[in-house]
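# A structural walkthrough
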Amino acid sequence: MLATVRAGVDGDSFAVVFNEHHRRAVRLAYLLTSDADLAEDIVSEAFVKVYPRWQRGEVRDVGAYLRRAVANESNSRLRRRYLERRASARRHGDDRGVRLVDDGAADRDEVWGALQRLPARQQQAVVLRYYEDLSEAETAEVLGCSVGTVKSQVSRGLARLQELVRPGASASGAVHGSEGGER
Amino acid sequence: MARIDELVRASLRERAGDVEPTPALWNRVDGRLRRRHRRRVAAWGLVGVTSVLAAVAVVPDLLTDDDTRIPEIVPIDPALPGDVGWPPMAASTPDGFGMLDVAAGSFDLRVEGTDLGRAGVAVRRGSTIDVHDLALVSAEGLVTVVSEDSFVTLDDPGSAATDTVPSVAWAGDAPWLAIAQQTADGTRVSVRSAPTRPATATDEPAELAVLPAGTRVLDWAGPTRTSGDRSRLLVLEGEQLRVHELERSGDGWVLVDTSDALEGVRVLAGGFVADTAGNETALHTLVREDGRVALRRDPVDGGPGSSAFLDVLDDADTSELWVQVRDGRTLLGDGQDAWVVDFDDGFGGSLAVGRAVSRAGLLATGRQAAPEPTPGDPAAEDPLDAPSREAALPGPVALADGRDLVLLTADGPVTIATLPAEGESLLRAVAVRPGSDVDDLVVVSLTEAEGFPDLRWTEYVDGELRVSWETFPPGQRPGAGQGTPPAVSRPVWSPDGDSLAWLERQGAELTVRVVGWGDGPGTGDPATDNASFSLGAPAGDLDLRLQDWILLADSPGEQVTALRLLDPAAPDGARALQITRGPDGAWFLAASSALEPLSIEGDGPILAFAGRRAEAGAEPRWVVRPAPGGVAVADLDAPAAAPVVVQTERADDVVLRSRGAEGGLLVATLTGSGAWWVPVDGEPRALPPAGDLDWVR
C-alpha cells in the first residue's frame, strides 16, 4: 500500500501571505528606520524567517509574527548603523554627513522630524502605539519589555515631542484630513 | 493646536503613505526561499508496509527542481502509529550535512559540500532540530562535535592513524561521548565530554579500555551522572555483539563487566531501545541469517524476541549498514538510503524512506526540547556540586567566568564572548539590561586590564555576537574628565533599562555617574545623555558598594527611584540614595538627597542584599550574613524560616541577585569560589563557577 504524497505545494500560498502583509510590514519598517531601502531589506529578512515556521504550521498570526520580526530586525540594523557611524566618527573625527533621517520628509513634517530625535526605544514604542495601534501590553510583547517600560517610554517620548514641536505645527498640514489610515 | 498624540498619529500615517513596496521585494524573498530549498535531499517518499518488508518501494523524486515551486511533502496515510509524527533527523547527504524535517519535507543544509557525518552520525538523546548535541564522523575519520551554535573537531592524533574510521556513541543521560579509535594495539575506547558544552566538564579524554581490533561502539545506555552509576556500552567486535558495563568513579571510568557474545548470530549493526530515563529495555539489531538481512528486537529482560527480513538490504555492503533507535523509531540505512521503521511490536507499522542519505540520526520530534543537563565534574559528590540546574532555574543567567561571558540557559552554558588576553584582562561584574532575553541580550561588564577598571558592553542577538566588549564613548566612559582612572563600582541598570549608573571614587571624592542608553551608551539628548553627581561627606569616607537600582514611584511627569548601597562597615549596613527623573528624562538628586539608612531586621554584618520587602519601601527582602562554613541567606518576609546556608570558603564580596518574589536568588562570590541558585522554597543548587552573575529578564 503506497501512501499518497502531496508534493510541490508551490510558492503561491506563501505569495498570498506575502501579498497580504508586505505593504504594512514595509511601512512599519520605514517608520522605525526612516529609510525606505533599509525597510525592504528588513522585511525581506522577516519573510524569510517566517517562512519555515509558517510552513510547519507554527505561525498562528503571521501579521503579529512579522511585526515582531520587523521590530527586532529594525533594532538590529539601526544598532549596526550606529556602530558604523561611531567607527566612522573615530576615523574621521566627527560624523558629519551621516544621517539616518529621511531629510526630505523631516523637513516637510516637523512632527516626523521630531520623532527622529527620540531615542530608538522611545521611537519604537511610539510607532507601535500610534501607527500599529497596539495596546501597551501588545507593544511590550513586541519590544520584549514590561508594560511599565512601554508606558514610561511612550510618556517620555510624547513629552519630548511636545517640547520639540512648535505650537501650531502639523503633520504636513494634514492632521485633520488623515483619518483614513493606510492607503 | 492638536494634541501631540494626534499629531504623531497623523504624521505616522502620512509618512507611511509615502512608502510603497517595490516589485523587487517579492523577487528577493522568493529568491532566498528558492535557494534555501534547492539545497535539499533529492527525494523523500513514504511507503506503508503491513507485514514483512519484502520490498521497499520508493516514491519517485517528487521535489521538483522547477525554480517556480517551493517543494513540500506532507505525509498523509498511513501515518506512523502513536501519533508522534514523522521524526526529524540529522543527516549526512551527498550535498552536505543538515537537518531533515520529514514532516515539512524540507532540508536545512547546515554545511554544504562537506563529508561531515559521512561515516557516522551519533545523536544525543533529547536532541532536536533547534537544540542538539551531535557527533559526526567524516569519511577521513575526523570526529566533529556539533551543537546548535558550534562545531568542534576533536584534535586527536588517533583519528586518522589507521584506515578504519572511529565510531562514536553518546551516553544515555549526559553529554559524554564514547569514541572507539583503531590503534596498532587494538581499538582504544575513551570517554570525553562534549567540547561544545563547556564550563562544567573536562575536555580531557579518559581512556576506558583497549578492545580487540575492529571493535566499534554502537550505543550507550544507563545512568552516568554520579559516581557509582553503572551504564552499558554496546559494541560490535567484528560481527559479535557485546555489552560492556561501565562504572563511573571519582577518577573517571572503569570497565567492570563484559557480556558474552550471542552465539551463531552475525550482527551487522544495532542500538538500544531506551526508556525516558535512558535505561535500555530492548535491543534492535541488524543480523544476517541464512544469507539474508533481518531486523531483530530482543528485550533485555530475556523475553521472546521478534524479527523480520529486510530484502532491500540483502545486497548491501555489510560494513555500511547502520541502525539507530530513538523514541520508538528505528532508523537504519545502507550508506545510500535510510529507512524509518516503527518496530515496537514487530512489523506492524509503517516505513518512511529517504534517498540519498549516507548516515543519519533521529532527533526528537519537538523543536525546543533540550538535551539532558550537563554533568558536573566526575569528582563531584556533593549534591550541591552535581545540580540538575537546567530543570530548575526559572530563567537564563549571564555569568562572568574569568575572561568569559557565559550565557546559562536550559540548554547548558554557552560562552558568548571572551575578553582579549592582552593586559591580563578580567571580567569583574556583569549587568544584564532589563528587557533582554536570550535572543536579544545586552550586557554591560566591569572589566579590568593592567589594573585599570573600565565598562564595556556586549550584545548577543539571535545567537550572533553583534557588539563585543565595546568601550563607552569618551563622554560616557568611566573617569571622563579626570586625569587618572578612578575606582569603578559594578554598574546597575535603572528599572526600565534606559539608564546605567555606577560609582566612581577618586581619593575621597565619590561620584554617581549616570549614562542614558539609546542604541548604546549615550542618547545624544543633552537631558538624558549622561550626568554626574558628586556625593559630599560623609559618603566619600565610606566603603559603599552599589547593589541595585529600584523604582519607588512612577508618574508621567516624574519617576522616583533609589540606588541602594551596602556599607559593610556599618551595623545598619544598607543605604538608599534617592534619584529622580524629571519630565524631560533627566536624572537629578534633590537638594535634600542623602544616604538614607534602610531598616534591616537581625544582627550581624551584612554581606549583600536584594529584593524588596512587601509594602516596605526600599527595604531589602533577602540579606546575606556570615555563617559558620559559609554565608546565610535570610528571607526577611519569612522570619520563621531558617536561613539557607551556602557553604563557601570565601564569604566576602558576595553578590545577590533577586528575580522577584517567586524566582529566587542568585548567589555568588566575586572571588569565583562558587555560585548558586537559591529557590524561594528549596535547597541551593550549584551553578558553574562564576565571579559575578545576573538574571536575564
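Please refer to the structure higher up on the page.
Treat the numbers as computed from the prediction; the structure is a model and nothing was measured. (Residues numbered from 1 in each chain as written. Chains lettered and ligands numbered in written order. Predicted model: local features only at pLDDT ≥ 70, side-chain atom pairs only at ≥ 80, totals over all residues. Heavy atoms only, no water.)

### Description of the overall build of chain A
- Secondary structure summary: chain A contains eight helices and one strand in total.
- Mapped from its N terminus to its C terminus, chain A presents α and β elements in the order β-α-α-α-α-α-α-α-α.
- The 183 residues of chain A split such that 56% are buried.
- Partitioning the contacts of chain A with sequence separation of at least 6, the portion at a separation of at least 24 is 67%.
- Only carbon and sulfur atoms are counted for the fraction: they give 45% of the accessible area of chain A, which is about 8200 Å². (Helix = DSSP H or I, 4+ residues; strand = E, 2+ residues; numbered from the N terminus. Buried < 20%, exposed > 50% of the residue type's maximum accessible area, 1.4 Å probe, protein only. Contact = heavy atoms within 4.5 Å. Areas by Shrake-Rupley, 256 points an atom, 1.4 Å probe, with all protein chains shown as cover.)

### Quick notes on the packing of aromatic side chains
- Going through the model one piece at a time under the given rule, you end up with 14 aromatic pairs over all chains.
- Ring centres 4.8 Å apart and planes at 50° place the aromatic pair F18 of chain A and F47 of chain A in the tilted group. Taken as a pair, F18 of chain A in helix α1 (residues 12-33) and F47 of chain A in helix α2 (residues 36-55) lie far apart in primary sequence, 29 residues in all. As far as the burial class goes, F18 of chain A and F47 of chain A line up, both buried.
- Here F18 of chain A and W26 of chain B contribute two aromatic rings whose centre-to-centre distance is 5.0 Å and whose plane-to-plane angle is 55°, an arrangement assigned as tilted. Placement of the pair is F18 of chain A in helix α1 and W26 of chain B in helix α2 (residues 24-38), with the two residues belonging to separate chains.
- Aromatic rings pair up to connect F14, F18, F47, Y51 and W54 of chain A together with W26 of chain B into one cluster.
- A cation over an aromatic ring shows up here: R129 of chain A above the ring of Y130 of chain A, its NZ or CZ 5.8 Å from the ring centre.
- For R659 of chain B, the ring lying beneath its charged end belongs to W695 of chain B, and the centroid distance is 5.3 Å. (Phe/Tyr/Trp six-rings, centres within 6.5 Å; stacked < 30°, edge-to-face > 60°. Lys NZ or Arg CZ within 6 Å of the ring centre and 35° of its normal.)

### With respect to the sheet that holds strand β33 (residues 464-471) of chain B
All names here are of chain B.
- As summarised here, the arrangement of the four strands in space is β30-β31-β32-β33, forming an open sheet in which the pairing is antiparallel. Pairing within the sheet leaves two strands with one partner each, and these edge strands are β30 (426-432) and β33. With direction set aside, neighbouring strand axes in the sheet form an average angle of 25°.
- Across five bridges, strand β32 (residues 452-461) lies against β33 in antiparallel orientation. In the sheet register, Y460 faces β33, and the bridge partner there is L465. (Pairing = 2+ DSSP bridges. Axes fitted to C-alpha atoms, helices over the stretch in contact; angles between N-to-C directions.)

### A closer look at the pairing of strand β15 (residues 230-237) of chain B
- In terms of residue burial, β15 of chain B counts as a mostly covered element, since seven of its eight residues are buried.
- Between the end of β15 of chain B and the start of strand β16 (residues 240-249) of chain B, which pair antiparallel, lie two residues, with G238 of chain B showing a positive phi angle near 65°.

### So, the sheet that holds strand β19 (residues 280-289) of chain B
Residue and element names in this part refer to chain B.
- What the four strands build is an open sheet, ordered β18-β19-β20-β21; its pairing is antiparallel. Single-partner strands in this sheet number two, and they are β18 (266-274) and β21 (306-309). Averaged over all neighbouring strand pairs, the angle between strand axes comes to 20°, with direction disregarded.
- Here eight bridges tie β18 to β19, and the two strands are oriented antiparallel to one another. When the bridges of β19 are listed, R266 appears paired with R288.

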